[in-house]
Amino acid sequence: MVQLNHNYQNLRDSYLFYNISQRTAAYQAAHPGQPIYRLGIGDVSQPLCPAVIEALHRAVDDQAHKASFRGYQPECGTAFLREAIARHYGSRGVSLQADEIFITSGAGDELGNLLGLFGPDNRVMVLEPAYPAYVDTNIMAGHPILRRSAGQENGFLPLPDGQTAELIYLCSPNNPTGAAYTRAQLQQWVDFANEIGAVILFDAAYEAFIQDADVPHSIYELPGAQECAIEICSLSKTAGFTGTRCGYTVVPRALVRDGQQLHPMWVRDRTTKTNGVSYILQRGAAAVFTPEGQRQTQAALAVYRENARVLAEALDRLGIWYCGGRNAPYLWLRCPDGLDSWAFFDRLLERAQIVGVPGAGFGACGEGFFRFSAFGDPAETREAAARLESKLTVES
Ligand code: PLP
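As the structure is a computational prediction, the values presented were derived from the model and not from experiment. (Residues numbered from 1 in each chain as written. Predicted model: local features only at pLDDT ≥ 70, side-chain atom pairs only at ≥ 80, totals over all residues. Heavy atoms only, no water.)

Draft legend 1. How the structure looks around the site of the ligand. Taken together, 13 residues form the shell around the ligand, and within it Ala107, Asp203, Tyr206, Ser234 and Ser236 come nearest. At a separation of 2.8 Å, an oxygen atom of the ligand approaches a polar side-chain atom of Asn175. Here a nitrogen atom of the ligand sits 2.6 Å away from a polar atom, N or O, in the side chain of Asp203. For the ligand, whose free accessible area comes to 400 Å², the fraction covered by protein is 90%. Taking a 2 Å distance to the grid points as the criterion, the majority of the atoms of the ligand fall inside the second largest pocket. The set of elements that each furnish at least two residues to the shell around the ligand consists of helix H4 (107-113) and helix H7 (236-239). Tallied by class, residues from the shell around the ligand come to five nonpolar, five polar and three charged. (Near = heavy atom within 4 Å. Polar contact = N/O pair within 3.5 Å; in protein donor to acceptor, adjacent residues only side chain to side chain. Areas by Shrake-Rupley, 256 points an atom, 1.4 Å probe, with all protein chains shown as cover. 1 Å grid on protein atoms, 1.4 Å probe; cavity = no way out; pocket = protein on both sides within 12 Å on 5 of 7 lines; lining within 4 Å. Sits in = over half its atoms within 2 Å of the grid points. Helix = DSSP H or I, 4+ residues; strand = E, 2+ residues; numbered from the N terminus. Nonpolar A, V, L, I, M, F, W, Y, C, P; charged D, E, K, R; others polar.)

Draft legend 2. Up close: the domain arrangement of the protein. Domains assigned within the protein are domain 1 (6-48 + 294-391) and domain 2 (50-292). Relative placement of domain 1 and domain 2: their C-alpha centres are 26 Å apart. Domain 1 puts 36 residues into the contact, and the matching count from domain 2 is 49 residues. Where domain 1 abuts domain 2, roughly 3600 Å² becomes buried across the two surfaces, and 57% of that area is made up of carbon and sulfur atoms. It is Leu48, Gln294 and Asn327 that lose the most area in domain 1 upon contact with domain 2, and together they represent 23% of the buried surface on that side. Counting the contacts that link domain 1 with domain 2 gives one salt bridge. (Domains from an automatic or database assignment. Contact = heavy atoms within 4.5 Å. Buried area = accessible area lost by both parts, 1.4 Å probe. Salt bridge = Lys/Arg side-chain N within 4 Å of Asp/Glu carboxyl O.)

Draft legend 3. Highlighting the environment of Ile85. Assignment of secondary structure puts Ile85 in helix H3 (residues 79-91). Each C-alpha atom of the pair Ile85 and Tyr248 lies 8.7 Å from the other, and the pair is 163 residues apart in sequence. If we skip the residues at most four places from it in the chain, Ile85 touches Ile101, Ile103, Tyr248 and Phe289.

Draft legend 4. Up close: the pattern of salt bridges. In the structure shown here, the tally under the stated rule is 18 salt bridges. A salt bridge links Arg123 to Glu166, with the nearest nitrogen and oxygen atoms 2.7 Å apart. On the criterion of sequence distance, the pair formed by Arg123 in the loop between H4 and strand S3 (124-128) and Glu166 in the loop between strand S4 (145-149) and strand S5 (167-171) is long-range, its members being 43 residues apart. The partner of Glu128 in a salt bridge is Arg147, with the nearest N and O atoms 3.0 Å apart. Here the residue Glu128 occupies a position in strand S3, and Arg147 occupies one in strand S4, the gap between them amounting to 19 residues. On the basis of relative accessible area, Glu128 is assigned to the buried category, the value being 7%. Overall, the relative accessible area of 38% leaves Arg147 in the partly exposed class. (Buried < 20%, exposed > 50% of the residue type's maximum accessible area, 1.4 Å probe, protein only.)

Draft legend 5. Quick peek at the sheet that holds strand S2 (residues 101-104). Reading across the sheet, the seven strands line up as S2-S8-S7-S6-S5-S3-S4 and stay open at both edges, with mixed pairing between neighbours. Edge positions in the open sheet fall to S2 and S4, since each of these has one partner strand only. The sheet shows a mean angle of 20 degrees between the axes of neighbouring strands, taken without regard to direction. Both S2 and strand S8 (residues 247-250) contribute to a ladder of four bridges, which runs antiparallel. (Pairing = 2+ DSSP bridges. Axes fitted to C-alpha atoms, helices over the stretch in contact; angles between N-to-C directions.)

Draft legend 6. Molecular detail of the nonpolar core. Counting 92 residues, the largest nonpolar core has Tyr89, Ile200 and Phe372 as its most contacted members. For this core, the element with the highest residue contribution is helix H10 (residues 291-318), accounting for seven residues. Mapped onto the domain boundaries, this core takes at least three residues apiece from domain 1 (6-48 + 294-391) and domain 2 (50-292). The residues contacting Phe372, other than those within four sequence positions of it, are Leu39, Leu311, Leu315, Pro329, Tyr330, Leu331, Leu333, Leu348, Ile354, Gly356 and Leu388. (Core = buried A, V, L, I, M, F, W, Y, C linked by side-chain atoms within 4.5 Å.)

Here it is as structure tokens:
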């Protein structure tokens with residue numbers, strides 16, 4: 001009889017977004033016609049930029065003619081895209097070979113796929129509150145998980161405290177907290193990982209939102225990082241690719257653990273398990289890294305930054321503690337009046353018709369906190385910010 005992976009039975013059902021949509025739908029049914037202001041979504045509202053759209057159209061036309069038609073592409077990514085990304089890293093002072101960059105269908109796929117490189121007994125450190133896939137993929141893989149709690153006292157940016165693990169997840173700028181490590185803070189993690197022989201899985205899905213000069217976009221800006229880290233990047237939030245799907249992962253040749261380079265292992269994994277990302281999408285993705293593409297994607301990001309600024313100002317005036325919103329599209333706030341995160345969800349919905357995400361959905365230490373997203377439509381976000389101030393009097 002076939003044996004299943006019983007680790008799946010250890011997964012907890014995720015009711016977070018289901019509960020949000022159920023409560024919102026119930027409110028709407030009781031208050032027909034009442035507009036709802038959505039600050040919960042983690043999806044983008046701005047379309048793909050013109051440079052990407054033109055490149056996608058041209059690539060579709062390539063496929064129509066025998067002379068320009070492309071069949072299977074290299075499994076790890078086309079040279080034109082890998083080289084464009086290597087030049088992009090170069091512009092930040094990070095030197096990578098193009099073939100250390102692997103083109104992917106997005107960061108979500110990679111978070112699961114990469115675990116194939118590691119044996120079953122590795123202990124995994126997850127800094128909570130965290131993007132739920134870090135925990136769930138490791139439950140599926142049967143890895144022991146050490147959950148470290150971040151909190152307001154360290155600005156939701158925990159540093160190494162001597163506890164060890166073989167795999168360490170870091171996400172900076174962070175989902176859900178919007179907090180981002182400075183160079184000096186991230187260097188502590190790099191040095192710690194090299195000292196104990198761990199591998200850092202560095203999720204850089206939100207690097208494009210960084211504004212502060214002392215916050216690194218890539219972990220490889222720090223000495224020693226190519227010896228200990230895999231970096232997972234995505235064009236989803238950077239360039240509006242949530243529905244188009246393209247990202248990239250860096251596995252440096254210098255990363256050696258357990259007597260082996262991880263780079264050739266990952267080449268072997270990819271050339272076995274995937275036939276790569278479509279030629280058309282890779283042409284669209286390459287357009288993101290042209291000067292025009294960079295200018296245009298920054299214009300879309302400016303919309304989200306302005307949304308974040310408007311929300312931050314409203315929270316400042318209300319005297320509510322928060323972090324994030326400056327180097328990330330998320331604001332992570334402390335629920336006022338000592339409310340727990342679902343009670344605050346209900347109060348916001350009832351009083352101001354605003355929907356956000358309760359922090360309890362990102363780990364136990366997220367209780368008492370709440371996430372706002374700046375990805376929404378600007379007019380809707382401005383209205384939500386105004387309603388926050390006018391409808392939400394904070395009692396203490
Ligand atoms: N990592 C983080 C921290 C995210 O917030 C997300 C998406 O919200 C992902 C990874 C997945 O991104 P992608 O759309 O590239 O799969």
